[in-house]
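Letter by letter, the chains look like this.
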Amino acid sequence: MFDLPVFGLDAVVWEAGWRKVSSEKREKAERDLIARPAWVIDGVSARVREAADAVIFLDMPRRTCLLRCARRNWRYLFRSRPGLPDACPEILIVPQLVSIIRRFPGRVRPGILSDIEKRPDARFHVVTAADRTAAIQSLSARIA
C-alpha cells in the first residue's frame, strides 16, 4: 500500500537456536534500520518508536493475540519461519510466546501508551476496525 521496505525485529533480536543477541548487537541493528531513509518496522522497541514518523499500536485483547500467534506460527512448529535465523522452530518458544502475551498488558503496553501520548499527531492507538481505517487514511493523506 505505501511501498515501503518492511523489517521485523525478530531478525534483530534472535540468533540461531532462539538465542537472544547481545544488547550491543541489537542496538546497532536497530540504529542501522532506523538510519534508512524510509521503513516500516514490525516489533516493540522504544528506540524505533522514538525515531518513527508514525507509530501504529495494534492494541488487541489477549485472546486475539493468542489466536493470531497460533495461526501465524502453526505452520512453522518444526522449522524457522521467514524472517528468523536457522534453527528457530516455533515449538521451542511456545511457552515464552504465551508468557509474553500474558504479561504484555501490564509490562509493555503502558510504555507504548505513554509514548503515544507524547506525540498524538503521529501515533495511532488501534483498538477497533474504525481506528485502523482512520490510521490508514491519516497516513495515506500524509504520504500523498
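This write-up is about the structure you can find in this document. Source: prediction; values computed, not measured. (Residues numbered from 1 in each chain as written. Predicted model: local features only at pLDDT ≥ 70, side-chain atom pairs only at ≥ 80, totals over all residues. Heavy atoms only, no water.)

1. What to know about a nonpolar patch on the surface
On the surface, Leu4, Val6, Val40 and Ile143 cluster together into a nonpolar patch covering about 330 Å² of accessible area. Counting through the fold element by element, Leu4 comes out in the segment before strand 1 (6-8). (Patch = residues over 30% accessible without salt bridge, like charges linked within 9 Å, V, L, I, M, F, W, Y side chains within 5 Å. Areas by Shrake-Rupley, 256 points an atom, 1.4 Å probe, with all protein chains shown as cover. Salt bridge = Lys/Arg side-chain N within 4 Å of Asp/Glu carboxyl O. Helix = DSSP H or I, 4+ residues; strand = E, 2+ residues; numbered from the N terminus.)

2. Describing the pairing of strand 5 (residues 55-58)
Only one face of strand 5 is covered, namely the face carrying Val55 and Phe57; the face carrying Ile56 and Leu58 is uncovered. Strand direction decides the pairing type here: strand 5 and strand 6 (residues 123-126), joined by four bridges, are parallel. By the bridge assignment for strand 6, Ile56 is matched with Phe124. (Buried < 20%, exposed > 50% of the residue type's maximum accessible area, 1.4 Å probe, protein only. Pairing = 2+ DSSP bridges.)

3. Brief notes about the packing of aromatic side chains
Within this structure, the stated rule accounts for two aromatic pairs. Where Phe57 meets Phe104, the ring centres are 6.3 Å apart and the plane angle is 40 degrees; that geometry is what we call tilted. With a gap of 47 residues between them, Phe57 in strand 5 and Phe104 in helix 5 (residues 94-107) connect regions that are remote in the sequence. (Phe/Tyr/Trp six-rings, centres within 6.5 Å; stacked < 30°, edge-to-face > 60°.)

4. Some words on the side chain of Ser45
Positionally, Ser45 belongs in the loop between strand 4 (40-42) and helix 3 (46-51). Using a relative accessible area of 5% as the deciding quantity, one classes Ser45 as buried. Looking at Ser45, its side chain comes within polar contact range of the side chain of Glu30, at 3.0 Å. For Ser45, the residues in contact, after removing those within four places along its chain, are Leu9, Arg26 and Glu30. (Polar contact = N/O pair within 3.5 Å; in protein donor to acceptor, adjacent residues only side chain to side chain. Contact = heavy atoms within 4.5 Å.)

5. Topic: the pattern of salt bridges
In the structure shown here, the tally under the stated rule is twelve salt bridges. Where Arg47 meets Glu30, a salt bridge forms, and the shortest distance between an N and an O atom there is 2.5 Å. Of this pair, Arg47 sits in helix 3 while Glu30 sits in helix 2 (residues 23-34), and the two are 17 residues apart along the sequence. A relative accessible area of 1% places Glu30 in the buried class. One connected set of salt bridges, linked through shared partners, spans Arg26, Glu27, Glu30, Arg31 and Arg47.

6. Structural notes on the state of the cysteines
Under the counting rule described, the total for this entry stands at zero disulfides. Between Cys65, a free cysteine, and Cys69, which holds the nearest cysteine sulfur, the sulfur-to-sulfur gap is 8.7 Å. Residue class for Cys65 comes out partly exposed when judged on its relative accessible area of 28%. (Disulfide = S-S within 2.5 Å.)

7. Remarks on the environment of Asp53
Assignment of secondary structure puts Asp53 in the loop between helix 3 and strand 5. On the basis of relative accessible area, Asp53 is assigned to the exposed category, the value being 64%. Separated by 69 residues in the primary sequence, Asp53 and Ala122 place their C-alpha atoms 6.4 Å from one another. What Asp53 contacts, discounting residues up to four positions off in sequence, is Arg119, Ala122, Arg123 and Arg142.

8. Things to note about the packing of helix 5 against helix 6 (residues 109-118)
Look at helix 5 against helix 6: their axes get within 5 Å of each other, and the N-to-C directions meet at 45 degrees. Taken together, helix 5 and helix 6 sit at an angle that is classed as oblique. Seen from helix 5, the contacting residues are Phe104, Pro105, Gly106 and Arg107; seen from helix 6, they are Arg109, Pro110 and Ile112. The residue makeup of the contact of helix 5 with helix 6, split by class, is four nonpolar, one polar and two charged. (Axes fitted to C-alpha atoms, helices over the stretch in contact; angles between N-to-C directions. Parallel < 35°, antiparallel > 145°, perpendicular 65-115°, else oblique. Nonpolar A, V, L, I, M, F, W, Y, C, P; charged D, E, K, R; others polar.)

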